[in-house]
Amino acid sequence: MIGHIFAVAGLCGVGKTTAVNFLAEVSGGEVVYFGNTVLRVVRERGLPETSESEQIVRIDLRKRNGQSYLAILEAERIRAIVSAGRSAFVDAVYTAEEFDYLANLAPGAKFILIGIE
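One structure accompanies this document, and this report is about it. All of these numbers come straight from a predicted model, not from anything done at the bench. (Residues numbered from 1 in each chain as written. Predicted model: local features only at pLDDT ≥ 70, side-chain atom pairs only at ≥ 80, totals over all residues. Heavy atoms only, no water.)

Moving on: the sheet that holds strand β1 (residues 4–9). Spatially, the four strands line up as an open sheet ordered β2-β3-β1-β4, and their pairing is parallel. Every interior strand has two partners, whereas the edge strands, β2 (30–33) and β4 (110–115), have only one. Recorded for the sheet is a direction-independent mean angle of 20° between the axes of neighbouring strands. When β1 meets β4, the two strands line up parallel, connected through six bridges. The residue bridging His-4 from the neighbouring strand is Lys-110, located in β4. Contacts from helix α1 (residues 16–27) reach β1, β2, β3 (88–91) and β4 within the one sheet, and its direction differs from that of β3 by about 170°. (Pairing = 2+ DSSP bridges. Helix = DSSP H or I, 4+ residues; strand = E, 2+ residues; numbered from the N terminus. Axes fitted to C-alpha atoms, helices over the stretch in contact; angles between N-to-C directions. Contact = heavy atoms within 4.5 Å.)

Looking now at the nonpolar core. Residues Ile-5, Val-32, Phe-34, Ile-78, Val-90 and Leu-102 are the most contacted members of the largest nonpolar core, which totals 23 residues. When residues of this core are traced back to their parent elements, those giving at least two are β1, α2 (35–44), α3 (51–65), α4 (69–73), α5 (75–83) and β3. Broken down by element, the residue count for this core peaks at four residues, all from α5. Setting aside anything within four residues of it in sequence, one finds Phe-34 in contact with Leu-70, Ala-71, Glu-74, Val-90, Asp-91, Ala-92, Glu-98 and Leu-102. Counting residues in each nonpolar core, the second largest holds six residues, with Phe-6, Val-8, Val-20 and Ile-116 among its members. (Core = buried A, V, L, I, M, F, W, Y, C linked by side-chain atoms within 4.5 Å. Buried < 20%, exposed > 50% of the residue type's maximum accessible area, 1.4 Å probe, protein only.)

The quantities given are spatial measurements derived from coordinates; they are silent on function.
What follows is the structure, given as structure tokens:
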């Protein structure tokens, strides 16, 4: 049985992380947090750990490496989760290219986009 990919989208501070953590806990799924890569780069650059710094870094990483960059970095992990029959909760999708990449990442896996306002 193949699992599901739930991609969560929404502006900073609306509760995406709280939602995916809850959903993963109650379903036995796993959270894939794109922000880990962003935070690592924020720290490497010596920037303050603020949503503004994260946004600057996120935009820069995608500009330098392509709009799907963060999804590509986590692709193998997501495939492993859904191949094991579990759900992957992706926090957070910001571009159409990430959406398209994730939607086609694991053939047979159901892909669901959740928007949080």
